[in-house]
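Topology and contacts: notes
Given next are the chains, with one letter for each unit.
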Amino acid sequence: MTVNVLEYLEESEKRFSDKVVFADENSTITYSELKKNAQSIGSWVLNKTHNAQRQPIVVYVDRNIESLVLFMGIAYSGNFYVPIDMKMPKLRIELILKTLNPVAAIIRREDLEFANSVAPHLSNLIYEEAINGEIKEEKLNIVRQSAIDTDPLYATFTSGSTGIPKGVITCQRSVIDMTEALSYTFGF
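These remarks concern the structure in this document. The structure presented is a predicted model; accordingly, all values stated were derived computationally and were not measured.

Burial within strand S3 (residues 56–61) is extensive, with six of its six residues counted as buried. Side chains of S3 alternate between two faces, with Pro-56, Val-58 and Tyr-60 and Ile-57, Val-59 and Val-61 buried alike. With helix H3 (residues 65–76) bridging S3 and the parallel strand S4 (residues 80–85), this β-α-β connection has right-handed handedness. In this sheet, strand S5 (residues 104–107) lies alongside S3 in parallel orientation, the contact comprising three bridges. Across the sheet, Ile-57 pairs through a bridge with Ala-104, a residue of S5.

Written out as structure tokens, the structure reads:
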């Protein structure tokens, strides 16, 4: 039984290591590169957060490959990601961060000024450093051994009828069930 969405990535990487998994107007990434970078990020996050697990980590998104790699890397760390669109109003971002109390944010170096302007108190981990970090397989294995399918994978925020952002956490099992249902329904 599948317990963690990373099992899908790892199976695909074994079968299609050199195939492109994501592409945007600027770059591409293969399954093997995605797995390596995600494991590096997971190791980096564990190190920088003193082995925090099941905690929210902000990803300031800008519709790019790096955001997708960060999502997988945070999953490897045993934490859950919270995508925050950098185009949202600053007050809304501040309300989300106050509600979340995240342990860190991961950003591209070029977005550091933005991150510091909306949350100067928050620890910012730099994407470019994280993907070049050493993979700590032992730490990643410990995280995976303690993982259960109801662990949170990500949290999203709605506008809320009151104007106050409301968070919704999605667990690993929900994504696994949806993936398996789509696979069965459409035969892929």
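Another aspect to go through is the packing of aromatic side chains. Taken as a whole and judged by the stated rule, the model has four aromatic pairs. Taking the centre distance of 4.1 Å and the plane angle of 10° together, the rings of Phe-71 and Tyr-81 count as stacked. You can see Phe-71 sitting in helix H3 and its partner Tyr-81 sitting in strand S4, a full ten residues away along the chain. Each member of the pair Phe-71 and Tyr-81 is classed as buried. With a centroid separation of 5.5 Å and an interplanar angle of 25°, the aromatic rings of Tyr-81 and Tyr-154 are classed as stacked. Here Tyr-154 lies in strand S7 (residues 152–158) and Tyr-81 lies in strand S4, a separation of 73 residues in the sequence. Taking relative accessible area as the criterion, Tyr-154 reaches 22% and is therefore assigned partly exposed. Each residue in the set Phe-71, Tyr-81 and Tyr-154 is aromatic and connected to the rest through ring pairs, giving one cluster.

Here is what the cut-offs are and how they apply
Residues numbered from 1 in each chain as written. Predicted model: local features only at pLDDT ≥ 70, side-chain atom pairs only at ≥ 80, totals over all residues. Heavy atoms only, no water. Buried < 20%, exposed > 50% of the residue type's maximum accessible area, 1.4 Å probe, protein only. Helix = DSSP H or I, 4+ residues; strand = E, 2+ residues; numbered from the N terminus. Right-handed = clockwise from strand over helix to strand, strands pointing away. Pairing = 2+ DSSP bridges. Phe/Tyr/Trp six-rings, centres within 6.5 Å; stacked < 30°, edge-to-face > 60°.

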